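Chain by chain, the residues:
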Amino acid sequence: MKITGNLVNAYFICQRKFWLFVRQFTPDPENELLMLGRLISENSYNREKKEISFDGIKIDLIKKSDKGLLVCEVKKTSKGIEAAKMQLAFYLWKLKKHGINVEGEILIPKEKKRIAFNLDENTENLLQAAIENMEEIAQKTSPPPVIKSPFCRKCAFIEFCYA
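Model, not experiment: these values are computed from the prediction.

A. A look at the nonpolar core. The biggest cluster of nonpolar side chains holds 31 residues, and the ones touching the most others in it are F90 and M134. Elements with a contribution of two residues or more to this core: α1 (5–13), α2 (15–22), β2 (57–65), α4 (81–97), β4 (103–108) and α5 (121–139). A total of 10 residues in this core trace back to one element, the largest contributor, which is α4. Ignoring sequence-local partners within four residues, the contact set of F90 consists of I3, T4, G5, V8, I57, L127 and I131. L61, C72, V74 and L107 belong to the second largest nonpolar core, which has five residues in total.

B. Summary view of the environment of L61. Here L61 lies in strand β2. Linking L61 and V74, residues 13 residues apart in sequence, is a C-alpha distance of 7.6 Å.

C. Layout of the side chain of Q87. Within the element layout of this structure, Q87 appears in helix α4. The class of Q87 is buried, set by a relative accessible area of 1%. A polar contact is formed between the side chain of Q87 and the side chain of N9, at a distance of 3.0 Å. The contacts of Q87, once residues within four sequence positions are left out, are G5, N6, V8, N9, E73 and K75.

D. Spatial organisation of the packing of aromatic side chains. Here the structure, examined in full by the defined rule, presents seven aromatic pairs. Among the aromatic residues, ring-to-ring pairing joins F21, F25, F157 and F160 into one connected group.

Cut-offs and rules
Residues numbered from 1 in each chain as written. Predicted model: local features only at pLDDT ≥ 70, side-chain atom pairs only at ≥ 80, totals over all residues. Heavy atoms only, no water. Core = buried A, V, L, I, M, F, W, Y, C linked by side-chain atoms within 4.5 Å. Buried < 20%, exposed > 50% of the residue type's maximum accessible area, 1.4 Å probe, protein only. Helix = DSSP H or I, 4+ residues; strand = E, 2+ residues; numbered from the N terminus. Contact = heavy atoms within 4.5 Å. Polar contact = N/O pair within 3.5 Å; in protein donor to acceptor, adjacent residues only side chain to side chain. Phe/Tyr/Trp six-rings, centres within 6.5 Å; stacked < 30°, edge-to-face > 60°.

This is the structure in structure tokens:
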């Protein structure tokens, strides 16, 4: 299994969602939140370089800053901000492994927010422990139990948990 940014994000939102993604279950493409996310991604930051793929990761946006390049992750809301930070941490960690040390920023155009992010040692340790746990969960033949959270109500996988 190859860990991706989307898998990292899913893991920090819901480990059951992560397990479903690993097994290539796909959410309903007509889900309103997924369609809104695609629309925001397509129509925001048109002057910047978008979607750079590198070593199995897909970076939403690269911008120039006073300190050099800035790796950006675009989100539709700040609701899952901790998961978004870990997704961005994963990208920065992968780049760091290739000798590329850059800073990050989470962009939330709908809320007009920019959240600066740097990969520190604590976050890197948390990420590495999470990756080990992801590998364990991915090997299991049945999904983790349902854990109700505020994300469930609008989750595109809700039928897999509450049908």
